[in-house]
Amino acid sequence: MAIAAPGLGSNLDVNGIVTQLMNIEKQPLTQLAAKEASFQAQLSAYGTLKSALSSMRSALSGLSSQAKFTAVSAKPADTSVLSASALKTASVGSYTVDITKLAQPQSLLATGQSSSTAAIGTAVATTLTIDLGTITGGTLANGTYTGATFTADSSIGTKQITISSTSNTLQGIRDAINSANVGVKASIVNDGAASPYRLVLQSATTGANRSMRISASGDATVVSLLSYNPAGTQNLTQTGVAQDAALSINGVGVTSRTNSVAGAIEGITLTLGKVGSTSVSVERDTAAVQTAIQSFVKSYNEFKGTMDGLSNFDPATKRGGPLIGDTTLRSVESQLRQTLTGSLGGISTTGYSVLSQVGLSFQKDGTLSLDTSKLFGALSKDVNAVAALFASAGISSDGLVQVSKFSAHTTPSKYAVTVSQLATQGAWSRADPGTFTITAGVDDTITATVDGVSSNLTLTAGTYTSAEYVSHVESKINGAAAFSNAGLGVKITATAGTVTATSASYGSTSSVSITGTGVVGGSSTAGLDVAGTIGGIAATGKGQALIASDTSSAKGLELSVAGGALGDRGTIDFSRGYAYRLEKLLDNMVTADGLLAGRTDGIAKSIKQIDKQREVLGQRLEGVEARFRAQFASLDKLISSMTSTSNFLTQQLASLARSR
């Protein structure tokens, strides 16, 4: 019977010997494991590096837009008097604002009723005719006018509401007025008196031209309750006067129909809060710029710290970072530093071409520092120049020619601009007879066409002066849904014996036409597109936009030409600032097909190769171990056999010795 356990017959430790031999044979596996651990550490390190670079990319977003640098803030000294907002077109300065009146709607109060749900009068339908306009002259005492005049605003028009047998309660009247959308809001108050329920009418918007005149016909009780004419019978009591806001800005009087006053100070909107005085300081928002630059400096220094931690040697632990000596890491640092220390060049009007001119510089340890006083001085001197240093920007030598768009294809350079034709607006005109009479059903309809969009409109019957007529027709056209929904509009004027309706848009698509029974005669003139060259190459005109040719280095550049003379219009200096350049560089580093991705893909492939090598080596080691075991099994049998022979011979020799 064969021996089943290796070494049992020979006392040879076959398992121990094979194990020791296999430990020697497995050393390449240990080396592969160490190499894989190193690669995994490098992958993790590159992930950390990518995160730091992405954070820097995010910090740059606050510097890549020129709007960040040109933003203006308006700060009232007393925010309870007014608040203010500013566009970038606002001029820096200080303004004293004195508010003497706030804009408010007119409020009227009806006599009390014992119930808000009981029927008022009989079932006879009542028609309310509501006009909004201005009250002038006379005196006001206890909510009632004496000797006043009411002038209806023809641009608003007359509105009518029917109070039927189903709505002749106080609540029904309220709901009928509110659902009619006639520029008047109705509500009910309870004053606690014997007949406590009182109807309150208020003009829906503020302004002196929002006073009400209400005439009624039908049920006598409803007529008596609601009739109101500031120049005649006043069955309602005025509790709030319709008025415009009145204020002065640096001593110049200003009125406004609402408490939002836009344009009185260029680029500034004032929202009035109460009667009083305060100052408004309009300043460049340099604090936001400084914060954005400091954020970038912080992100760069954090990247530098991350990079040092990944690549430096620690003498205390005598260990290096996972990317020590890594050429890709050094390339990333080198490219960033070269970009930040290089000169923009080629832009003569900005005055700045390197970051050190505005306080950004490298320290001996490789970190960035910011001299805030130097930056503040540069922003105070020329904020547009600082903007051009960081963001992609076009600086025009002509105030009426501005860069409105550019693209990734636009090459930084100085581009000469010429204008051979200015953009114009489409218009329609007719003779001004001085007085316009419109008769309902006879000559009260018009068809207005603005920039190719048409709408049929009905004018309000009446006799108008030129000023009243153009105001009424302009209001009708601009209020039509077909035009307002499309963002279209007109401006109508009556000057020098001519009524002119002008489209709000510019260019060859701009046009106005008015026909119908409500007009006599008239002719239209189409608008023109701007024409000219950019960089000596003919550009395309679209309204006031002058668009560079796709065949020129200025491709993607679009200019807005707001007016001025024909001929040479100066130059546009277009630059790609540091923020733009860094964004592009970082994108090339961190995107899916960028520099870091290429390096990590290579490491991942090396790890896969190690897996394959481990698999092949494992298979080979299985064969080696089997061979070792077979060899030592044979040796075990041989030794066992030799031991048996030795024992036999020993026994035979012993027997021979005894037989003598």
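Let us look at the structure shown here.

Our focus in this paragraph is the overall build of the protein. Within the protein one finds 13 helices and 40 strands. Taken against the 2.2 N^0.38 rule, which gives 26 Å for 660 residues, the C-alpha radius of gyration of the protein at 45 Å runs more than 25% over that of a compact globule. Taking the principal axes of its C-alpha atoms as reference, the protein extends roughly 170 × 75 × 50 Å. For the protein, the proportion of its 660 residues judged to be buried stands at 39%. Sequence separation of 24 or more characterises 72% of the internal contacts of the protein that already satisfy a separation of 6 or more. If you sum the accessible surface of the protein, you get close to 32,200 Å²; carbon and sulfur atoms cover 52% of it.

Relative to the elements of secondary structure, Asp451 occurs in the loop between strand E28 (445–450) and strand E29 (453–458). Buried and unpaired, Asp451 has Lys542 as its nearest opposite-charge partner, separated by 12 Å. Setting aside chain neighbours within four positions, we find Asp451 in contact with Leu488, Ser503, Ser505, Thr509, Ser510 and Ser511.

So, about unusual backbone geometry. Backbone geometry at Asn142 places phi at a positive 55°, although glycine is not the residue there. As for its position among the elements, Asn142 is in the loop between strand E6 (139–141) and strand E7 (144–146). A relative accessible area of 77% places Asn142 in the exposed class. Even without glycine at this site, Ala496 takes up a positive phi of about 50°. With respect to the helices and strands, Ala496 occurs in the loop between strand E31 (490–495) and strand E32 (498–503).

This part covers the packing of aromatic side chains. Within the structure shown, the criterion is met by 5 aromatic pairs. Relative to Phe362, the ring of Tyr300 has its centre 5.6 Å away and its plane inclined at 75°; by these criteria the two rings are edge-to-face. Of this pair, Tyr300 sits in helix H6 (residues 286–311) while Phe362 sits in strand E21 (residues 360–362), placing them 62 residues apart in sequence. For Tyr300, a relative accessible area of 0% gives the class buried. Arranged with centres 5.1 Å apart and planes meeting at 55°, the rings of Phe406 and Phe574 form a pair that is tilted. With Phe406 in the loop between strand E24 (401–405) and strand E25 (413–421) and Phe574 in strand E40 (residues 567–575), the pair connects residues that are 168 residues apart, well separated along the chain. Classification of Phe574 as buried rests on a relative accessible area of 0%. Through a chain of ring-to-ring contacts, three or more aromatic side chains come together here, namely Tyr300, Phe303 and Phe362. Lying across the ring of Phe362, Arg337 places its NZ or CZ 4.2 Å from the centre.

Along helix H9 (residues 383–390), 7 of the 8 residues are buried, which leaves the element largely enclosed by surrounding structure. For H9, the set of buried residues is Val383, Ala385, Val386, Ala387, Ala388, Leu389 and Phe390.

Taken in spatial order, the 3 strands line up as E29-E28-E33 in an open sheet, and their pairing is antiparallel. The open sheet is flanked by E29 and strand E33 (512–515), the only strands paired with a single partner. Neighbour to neighbour, the strand axes of the sheet diverge by 15° on average, direction disregarded. Looking at chain direction, E28 and E33 are connected through 4 bridges and run antiparallel. What sits directly across from Val450, in E33, is Val512.

So, on to the nonpolar core. Judged by nonpolar contacts, the single largest core of 62 residues is most densely connected at Leu53, Phe69, Ile293, Phe303, Leu336 and Phe390. Sequence-distant contacts of Ile293, that is, excluding residues within four places in its chain, are made with Leu63, Leu360, Leu370, Leu375 and Phe390. By size, the runner-up hydrophobic cluster in this structure holds 28 residues, among which are Ile135, Phe150, Leu199 and Leu225.

A few words on the sheet that holds strand E11 (residues 197–203). The strands that make up a sheet pair up through hydrogen bonds in the backbone, lying either parallel or antiparallel. Strand order in the open sheet formed by 4 strands is E10-E11-E4-E13, with antiparallel pairing between adjacent strands. The open sheet is flanked by strand E10 (184–190) and strand E13 (237–240), the only strands paired with a single partner. The sheet shows a mean angle of 30° between the axes of neighbouring strands, direction not considered. Of the pairings in the sheet, the one linking strand E4 (residues 107–109) to E13 comprises 3 bridges and is antiparallel in character. Bridge pairing in E13 places Leu108 opposite Gln238. Packed on one face of the sheet, helix H4 (residues 170–180) meets E10 and E11 and runs near 155° to E10.

Going through the model one piece at a time under the given rule, you end up with 12 salt bridges. Residue Arg57 pairs with Asp587 through a salt bridge whose shortest N-O separation is 2.9 Å. Pair noted here: Arg57 is in helix H2 (residues 27–60) and Asp587 is in helix H12 (residues 578–590), with a separation of 530 residues, a long-range link. Looking at Arg57, the relative accessible area reads 24%, which means it is partly exposed. The exposure class of Asp587 is partly exposed, given its relative accessible area of 21%.

Pairing of E31 with E32 involves 6 bridges; the strand directions are antiparallel. Looking at E32, one finds that Thr493 is bridged to Thr500. Once E31 ends, the chain turns through 2 residues before running back antiparallel as E32, passing Ala496 with a positive phi of about 50°.

Relative to the elements of secondary structure, Asp444 occurs in the loop between strand E27 (435–438) and E28. A C-alpha to C-alpha distance of 6.9 Å links Asp444 and Thr460, two positions 16 residues apart in sequence. When residues no more than four places from it in sequence are discounted, the contact partners of Asp444 are Ile438, Thr439, Leu457, Thr458, Leu459 and Thr517. At 3.1 Å, the side chain of Asp444 forms a polar contact with the backbone nitrogen of Gly441.

Our next topic: the pairing of E25. Two strands pair when backbone bridges link them, and E25 and E40 are joined in this way by 6 bridges, in the antiparallel orientation. The residue bridging Ala416 from the neighbouring strand is Thr571, located in E40. Note: E25 against strand E35 (residues 531–534), 4 bridges, orientation antiparallel. Considered in E35, the bridge of Gln421 is made with Ala531.

To continue, consider the packing of H6 against helix H8 (residues 372–381). Here H6 crosses H8 at 135°, and the two axes come no closer than 11 Å. Between H6 and H8, the crossing angle belongs to the class labelled oblique. Here the hand of the crossing between H6 and H8 comes out right-handed. Within the contact between the two elements, H6 uses Thr286, Val289, Gln290, Ile293 and Gln294 and H8 uses Thr372, Leu375, Phe376 and Leu379. Taken together, the residues that form the contact of H6 with H8 break down as 5 nonpolar, 4 polar and no charged.

Quick notes on the rules
Residues numbered from 1 in each chain as written. Predicted model: local features only at pLDDT ≥ 70, side-chain atom pairs only at ≥ 80, totals over all residues. Heavy atoms only, no water. Helix = DSSP H or I, 4+ residues; strand = E, 2+ residues; numbered from the N terminus. Rg over C-alpha atoms; globule rule 2.2 N^0.38 Å. Buried < 20%, exposed > 50% of the residue type's maximum accessible area, 1.4 Å probe, protein only. Contact = heavy atoms within 4.5 Å. Areas by Shrake-Rupley, 256 points an atom, 1.4 Å probe, with all protein chains shown as cover. Lys, Arg positive; Asp, Glu negative; His and termini not counted. Salt bridge = Lys/Arg side-chain N within 4 Å of Asp/Glu carboxyl O. Phe/Tyr/Trp six-rings, centres within 6.5 Å; stacked < 30°, edge-to-face > 60°. Lys NZ or Arg CZ within 6 Å of the ring centre and 35° of its normal. Pairing = 2+ DSSP bridges. Axes fitted to C-alpha atoms, helices over the stretch in contact; angles between N-to-C directions. Core = buried A, V, L, I, M, F, W, Y, C linked by side-chain atoms within 4.5 Å. Polar contact = N/O pair within 3.5 Å; in protein donor to acceptor, adjacent residues only side chain to side chain. Parallel < 35°, antiparallel > 145°, perpendicular 65-115°, else oblique. Left-handed = near helix turned anticlockwise from the far one by under 90°. Nonpolar A, V, L, I, M, F, W, Y, C, P; charged D, E, K, R; others polar.

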